[in-house]
Amino acid sequence: MSGKGEEGCLEVPSREVCREMFEKVTEYLNGELAVTVEEYQLLLRLNQMSLAKYSDMSALARRLNEVSQRLSDKFVSLQPYCDLIDQVEGSVSALEQTAYRLDAYCKRLETKFRELERR
């Protein structure tokens, strides 16, 4: 009989221990799930912020592309004028060289003329 009484005493504490263990495990799992939910919410916010940032960057890239295209179009439309400027510059340089040669020739003629006048 004493063995039967001891079993009854062991059952109550083991039920309480089991209940307490299940409560602690439940508490632990609830805490783990709460942390996981918070991490997923943080990831969601980070993804939303990244999406907004990439959208802004995409819009900026489109605007830069448009500006670049306009500048390219302007350059193409101004290219004939740039070519004319280059031609004029070449002509001016040639004319300047001709003017220097003419000036030098005039000085030589003037010197010869003075020599002939002295004689």
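### Observations regarding the overall build of the protein
Point 1. Looking only at helices and strands, the protein features one helix and zero strands.
Point 2. Across the 119 residues in the protein, those meeting the buried criterion constitute 0%.
Point 3. About 11,500 Å² of surface is accessible on the protein, with carbon and sulfur atoms providing 61% of the total.

### Regarding a nonpolar patch on the surface
Point 1. On the surface, a nonpolar cluster with roughly 520 Å² of combined accessible area is contributed by Met21, Phe22, Val25, Tyr28 and Leu29.
Point 2. Take Tyr28: it is sitting in helix H1 (residues 2–118).

### Here we look at a negative patch on the surface
Point 1. The grouping of Glu16, Glu20, Glu23 and Glu27 at the surface amounts to a negative patch.
Point 2. Mapped onto the elements of the fold, Glu16 is located in helix H1.
Point 3. Looking at Glu16, the relative accessible area reads 46%, which means it is partly exposed.

### With respect to the pattern of salt bridges
Point 1. For the structure shown, the criterion picks out two salt bridges.
Point 2. Two residues, Lys107 and Asp103, come together in a salt bridge whose shortest N-O distance is 3.6 Å. With Lys107 and Asp103 both in helix H1 and four residues apart, the pair spans about one turn of that helix.
Point 3. Asp103 gets classed as partly exposed once you look at its relative accessible area, which sits at 39%.

### Observations regarding the confidence of the model for the protein
Point 1. Scored by pLDDT, the protein has a mean of 90; 90% of the residues are at 70 or more.
Point 2. In this model residues 1–6 is a low-confidence stretch, pLDDT under 50, and it forms zero contacts with partners more than four residues away in sequence or in other chains.

Criteria and cut-off values
- Once a new chain begins, its residue numbering starts again from 1 and follows that chain's sequence as written.
- Where local features are concerned, this predicted model is filtered to residues with pLDDT of at least 70; where side-chain atom pairs are given and counted, the filter is 80 or more; whole-chain, interface and lining totals use all residues.
- Excluding hydrogens and water, the side-chain values take into account all heavy atoms of the structure.
- By definition, any uninterrupted DSSP run of H or I lasting at least four residues is a helix, any uninterrupted run of E lasting at least two residues is a strand, and each is numbered from the N terminus.
- For each residue, the accessible area found with a 1.4 Å probe, counting protein chains only, is set against the maximum for its type, and the residue is called buried under 20%, exposed over 50%, and partly exposed in between.
- What sets the accessible areas is the Shrake-Rupley method with a 1.4 Å probe; for residues, cover comes only from the shown protein chains.
- Only residues whose relative accessible area exceeds 30% and that form no salt bridge enter a patch; like-charged residues are grouped when within 9 Å of one another, and nonpolar side chains (Val, Leu, Ile, Met, Phe, Trp, Tyr) when within 5 Å.
- The salt bridge criterion pairs a side-chain nitrogen of Lys or Arg with a carboxyl oxygen of Asp or Glu, the two atoms within 4 Å.
- His residues and chain termini do not enter the charge count, which takes Lys and Arg as positive and Asp and Glu as negative.
- Taken as the charge location is NZ of Lys, CZ of Arg, CG of Asp or CD of Glu.
- Each residue gets a pLDDT score, which is the predictor's confidence in that residue and runs from 0 to 100.
- Two residues form a contact once any of their heavy atoms are found within 4.5 Å.

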